Amino acid sequence: MSKEIVVSGIRSTGFLHLGNYFGAMKNYVQMQDEYNCYFFVADYHALTTHPDPKELKGNVYRVVAENLACGLDPEKVALYAQSDLPEIPELYLMLNMMAYKGELEKVPTFKDKVRQQPENVNAGLLTYPVLMSADIIIHKAVKVPVGKDQEQHIEMARNFVNRFNNRYGELFPEPYAFNFSNELVKVPSLDGNGKMSKSENVNATLYLADEDDVIRKKIKKAKTDSGPTEPNSEMPEYIKNIFLLMKLVSPQEVYDTYTNAYNDCTIRYGDMKKQLAEDMVNFIAPIREKAKDLQNNEDQLKKIMKEGAEKARASASKTIAEARKLMGINYY
Ligand code: ADP
Ligand code: TRP
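So, a few notes on the structure that sits alongside this text. Quantities reported herein were computed from a predicted structural model and do not represent experimental measurements. For every chain, the first residue of the written sequence is number 1, and numbering continues from 1 onward in sequence order. Note on labels: chains are lettered from A, ligands numbered from 1, in written order. Local features in this predicted model are restricted to residues whose pLDDT is 70 or higher, and side-chain atom pairs enter the listing and the counts only when it is 80 or higher, whereas totals over whole chains, interfaces and linings include all residues. Excluded from the side-chain calculations are hydrogens and water; all other atoms, namely the structure's heavy atoms, are used.

### Details of the site of ligand 2
Being near a molecule or strand, for a residue, means having at least one of its heavy atoms within 4 Å of it. Around ligand 2, the surrounding shell holds 13 residues, and the nearest of these are Gly 9, Tyr 128, Met 132, Asp 135 and Gln 150. Definition of a polar contact: a pair of N or O atoms within 3.5 Å, with one able to donate and the other able to accept a hydrogen when the atoms are protein atoms, and with sequence-neighbouring residues admitted only if both atoms are side-chain atoms. Asp 135 places a side-chain nitrogen or oxygen 2.7 Å from a nitrogen atom of ligand 2. Note that a nitrogen atom of ligand 2 is positioned 3.0 Å from one of the side-chain N or O atoms of Gln 150. Where accessible areas are quoted, they stem from the Shrake-Rupley method and a 1.4 Å probe; at the residue level, only the protein chains shown are allowed to cover. Bound to the protein, ligand 2 loses 92% of the 370 Å² it would expose on its own. Counting from the N terminus, the helices are the DSSP runs of H or I reaching at least four residues and the strands are the DSSP runs of E reaching at least two. The set of elements that each furnish at least two residues to the shell around ligand 2 consists of strand E1 (5-11), strand E2 (36-42) and helix H8 (128-137). A per-element tally of the shell around ligand 2 places H8 first, with 4 residues. Considering only residue class, the shell around ligand 2 consists of 7 nonpolar, 4 polar and 2 charged. Residues were grouped as follows: Ala, Val, Leu, Ile, Met, Phe, Trp, Tyr, Cys and Pro as nonpolar; Asp, Glu, Lys and Arg as charged; and all remaining residues, including Gly, as polar.

Written out as structure tokens, the structure is:
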């Protein structure tokens, strides 16, 4: 039986963080043996926020290096830059004819961006989910490992797939968001406000490139209080977040010890944060060091991206030829 197809992308908009790791990259690494995987740097998507051209290339190389440092094997997966596949913008154009202004304006991530950057509400932002759908269905993917924040975009991809198939004939399967834990992940920021992210909440986000003392400092500052006064009481959101981080990187016994201490009101958050900081350092340091080494070898990164793009184009050009044929765009 042929392997199921998987696609996912990460924007080249800054340093990768713990949210990217647990929402996306950890799954990539676990999927690479069992699935036919296409993973890419979404550099076109990054253009919606007008990055400085001088910084774009370094950001793209770093995303590739950090993905490799987390354990992706370029022999097993296609790892490439979105802009190396001209078939993607072609399919994006086709899908734009089936995407309606009204539905695009309702997307919560679009509304957030309108609030954040009212001076730059460009058409690329509005059609962001259309480009993302093209990224996914260009390889006929069925599984898309992403964090919780992307769920709605994948639902839109299913809508576009159905519209295309109904109008022109069956071509694309429906893609679904995927996480090995059965639930999509949202890694919270350390200040208790929203999720960790590349550009917001910089001091409350743990980056895979953070040095040990920076990790310790950020965790030390995480919001806590004087502790519970009633046994087995409900945890406030910011305390839940610290436990969630501990669950991700600390051994189960450590997590259980602090949970029990919370429940019998003997918990000392200072100790808990110290423990979490050490476990976090042990988790991040090897990835950081490996990514640094890889970034020092640009030739190797370029070779991996070129080979990845070749593999990905073989699949993309097949799909676009089929789409053109179904649409009647095959004159010669
Ligand atoms: P960011 O939002 O930090 O700019 P991207 O938009 O490039 O990152 O997201 C890349 C992947 O990482 C997506 O699959 C996204 O769902 C996931 N992701 C980003 N932040 C988090 C988070 N805090 N928790 C879980 N997954 C996340
Ligand atoms: N929109 C995603 C994000 O902001 C990144 C992305 C672009 C993506 N194209 C994709 C993710 C295709 C999965 C599949 O996180």
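### A closer look at unusual backbone geometry
The phi angle at Asn 232 is positive, at roughly 50 degrees, despite the residue not being glycine. The residue Cys 265 is not glycine, and still its phi comes out positive at about 65 degrees. Its location among the elements puts Cys 265 in the loop between helix H12 (252-263) and helix H13 (269-295).

### Structural notes on the site of ligand 1
Surrounding ligand 1, one finds 19 residues, the nearest of these being His 17, Gly 147, Asp 149, Val 187 and Lys 198. At 3.1 Å, a backbone N or O of Gly 19 approaches a nitrogen atom of ligand 1. Lys 198 is positioned with one of its side-chain polar atoms (N or O) 2.6 Å from an oxygen atom of ligand 1. For ligand 1, whose accessible area on its own is 530 Å², the fraction buried by protein is 96%. When residues of the shell around ligand 1 are traced back to their parent elements, those giving at least two are E1 and helix H1 (18-31). Along the lines of polarity and charge, the residues of the shell around ligand 1 split into 6 nonpolar, 8 polar and 5 charged.

### Brief notes about the environment of Glu 66
One can find Glu 66 in helix H3 (residues 53-69). Throughout this description, buried means an accessible area under 20% of the type-specific maximum (1.4 Å probe, protein chains only), exposed means over 50%, and partly exposed covers the range between. When its relative accessible area of 2% is taken as the criterion, Glu 66 is described as buried. Sequence-wise, Glu 66 and Ala 321 are 255 residues apart; in three dimensions their C-alpha atoms are separated by 33 Å. In this structure Glu 66 touches Phe 15, Leu 16, Met 25, Leu 208, Ala 209 and Ala 291, once residues within four positions along its chain are discounted. Here a residue-residue contact requires only that any non-hydrogen atoms of the pair lie within 4.5 Å.

### A look at helix H10 (residues 212-220)
Residues of H10 that are buried: Ile 215, Lys 218 and Ile 219. The buried residues of H10 occupy an angular sector of 95 degrees when projected down its axis, which confines them to one face. Away from the buried face of H10 by more than 90 degrees, exposed residues Lys 217 and Lys 220 are located. Where H10 is buried, its residues meet H13. Think of the arc as the fan of directions from the helix axis to the C-beta atoms.

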